[in-house]
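Now for the letters of each chain:
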Amino acid sequence: MEFLKFNSKKCILCGQCVEKCPFGALTIEGDGIVVGDTCRMCGLCVRHCPEQAIRFEQRAKAFDKEKWRDFLIFVEQERGDIHPVAYELIGEARKMAPKVGYQVNCVIVGGAGTEQNAKKLLAYGVDKVFVYEHEGFEGFRADCYADAVADCIAQNKPSSVLIGATALGRSLAPRLSTRFHTGLTADCTTLDIKPNTDMIQIRPAFGGNIMAQIAIAKSRPQFATVRYRVMDRASRVENPSGEIVRCAVSDHMASSRIKILSSQVIDKQKSLEEEDVIVVAGRGVRGEKDVEMCRELAEALGGQLAFTRPMVENGFGDTAHQIGLSGRTVRPKLIITCGVSGAIQFTSCMTGSECIVAINNDPQAQIFKAAHYCIVDDLYQVVPRLTALLQNRKGD
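A short tour of the structure in this document, coming up. (Residues numbered from 1 in each chain as written. Predicted model: local features only at pLDDT ≥ 70, side-chain atom pairs only at ≥ 80, totals over all residues. Heavy atoms only, no water.)

## So, the packing of aromatic side chains
Applied cut-off: Pairs were defined over the aromatic rings of Phe, Tyr and Trp, the Trp ring being its six-membered one, requiring ring centres within 6.5 Å. Orientation was assigned from the angle between planes: stacked under 30 degrees, edge-to-face over 60, tilted for the rest. Sitting over a ring, as applied to charges here, requires NZ of Lys or CZ of Arg to be within 6 Å of the ring centre and within 35 degrees of the ring normal.
Considering all chains together, one arrives at four aromatic pairs under this definition. With 5.0 Å between their ring centres and 80° between their planes, Phe140 and Tyr145 make a pair best called edge-to-face. Taken together, the aromatic side chains of Phe137, Phe140 and Tyr145 make up a single cluster linked through ring pairs. Seen from the ring of Tyr87, Arg233 lies directly overhead, with NZ or CZ sitting 4.2 Å from the centre.

## Considering the pattern of salt bridges
Applied cut-off: Here, a salt bridge means any Lys or Arg side-chain nitrogen found within 4 Å of an Asp or Glu carboxyl oxygen. Going along the chain from the N terminus, every DSSP run of H or I of four or more residues is numbered as a helix, and every run of E of two or more is numbered as a strand. Three exposure classes are used, based on accessible area relative to the maximum for each residue type with a 1.4 Å probe and protein chains only: buried under 20%, partly exposed in between, and exposed over 50%.
Considering all chains together, one arrives at 15 salt bridges under this definition. The shortest N-O distance in the salt bridge between Asp192 and Lys99 comes to 2.7 Å. On the criterion of sequence distance, the pair formed by Asp192 in strand E12 (residues 190-193) and Lys99 in helix H3 (residues 85-100) is long-range, its members being 93 residues apart. In this structure, the salt-bridge partner of Glu273 is Arg328, at a minimum N-O distance of 3.2 Å. With a gap of 55 residues between them, Glu273 in the loop between helix H7 (251-254) and strand E17 (277-281) and Arg328 in the loop between helix H9 (309-313) and strand E19 (334-338) connect regions that are remote in the sequence. Given the relative accessible area of 29%, Arg328 is considered partly exposed. In the salt-bridge network here, residues are joined through shared partners; they are Glu92, Lys95, Asp232 and Arg331.

## Describing the nonpolar core
The cut-off we apply is this: Each nonpolar core is a collection of buried residues, namely Ala, Val, Leu, Ile, Met, Phe, Trp, Tyr and Cys, held together in the definition by side-chain atoms within 4.5 Å.
Counting 43 residues, the largest nonpolar core has Phe74, Val107, Val109, Tyr132 and Phe137 as its most contacted members. When residues of this core are assigned to their parent elements, the largest contribution, nine residues, is made by helix H5 (residues 142-156). The next biggest cluster of nonpolar side chains, apart from the first, holds 35 residues, and it includes Val75, Val226, Val230 and Ala234.

## Focus on the sheet that holds strand E8 (residues 104-110)
How we decide: Here, a strand pair is defined by DSSP locating no fewer than two bridges between the strands. Angles here are taken between N-to-C directions and fall from 0 to 180 degrees, while the axes themselves are lines fitted to C-alpha atoms, restricted in helices to the stretch in contact. Here a residue-residue contact requires only that any non-hydrogen atoms of the pair lie within 4.5 Å.
With parallel pairing, the seven strands of this open sheet are ordered in space as E11-E15-E10-E5-E8-E9-E16. Strand pairing shows two members of the sheet lacking a second neighbour, strand E11 (184-188) and strand E16 (243-246), which therefore form its edges. The average angle at which neighbouring strand axes cross in this sheet is 25°, direction not considered. In terms of strand pairing, E8 meets strand E9 (residues 128-133) through six bridges, oriented parallel. Across the sheet, Asn105 pairs through a bridge with Lys128, a residue of E9. Running over the sheet, helix H4 (residues 114-121) touches strand E5 (71-75), E8, E9 and E16 and is turned about 170° from E9.

## So, the sheet that holds strand E13 (residues 199-205)
The three strands are arranged E12-E13-E14 in an open sheet whose pairing can be described as antiparallel. A single partner strand is all that each edge strand has here, and the edge strands are E12 and strand E14 (210-215). Each adjacent strand pair in this sheet contributes to an overall mean axis angle of 25°, direction not counted. Pairing geometry for E12 and E13, over four bridges, is antiparallel. Looking across to E13, one finds that Leu191 is bridged to Gln201. Strand contacts of H3: E12 and E13, with the helix running at about 15° to E12, the strand carrying the most contacts.

Written as structure tokens, this is what we have:
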């Protein structure tokens, strides 16, 4: 394996790395260790070497881009079903793939029922779905999941790996990029690809003041995480032609050093990202009583109340209901902002909304540049009247 490097001066040929390798990839030949093609980058040899004579290394420009091809999507499962962010990643990969002649493949890891979920992906135009199903993968544990996905990457050498920026994805992605000594761009809002297969990863930077274009030009694979509800969902294809590839899973690969002592299922509530109607309270909403005024409007519309970052910092809301770079990205059918100035940190995470209504008494407010309907007026006059109109309509 080209990434695994042995220091012959440190190595004492104790054989512990050979013994610990679950894939039988290491052998002692002559005066050194030889790595076979079955190496899956699991890292056990590195962790167990008593002399620290083994390391992962990928030298700049030491790789052949032609050997790294196609897109690989990590498909997250949530409560026995596919997390919707996977369909958005597939949609974005399908847009880029024709530009460089790539396939769009997926990898899915989990317990019983994983292969059944994998079959659902074929309808969305993917070419291959690599399935790692084992009872040891029941419930996410970062170490063994990383082993499985690293196995898939080592075998198939994808040029780009896309992962949802969920809590699970944010735990998995950096582990994988570290193993392969390559770059990772987090929370991308736009993706594109050059003819030379370098993926352009665009995300807000410097507090949202600029949109940075990031490329991983000197290593492969290229890792990127993408927030849920940022990109368009993949459309179904008429004649799916993809295939399911069942991957071998050893008990050792599925074993984890993390032990689950007890678990409890929490009742799932509709998240802000899944909401169709959102009312946002910004800094122009001055107190708790005024927040309740906005909440009444949200309830009258059958939606949720959200907040900008300053409002959360002032104790009016929590991060689960915060829109912005340090909060959530949303794409509702309707969003009404109340007293929101419209900083890019906020607007970049809600501009995909179908209809944006902005209420602000400052005609120069930045939010009006993103809004479809602009109400230049005192929100304390507008919001109660809107709420009353909606409540009276329901009464009729």
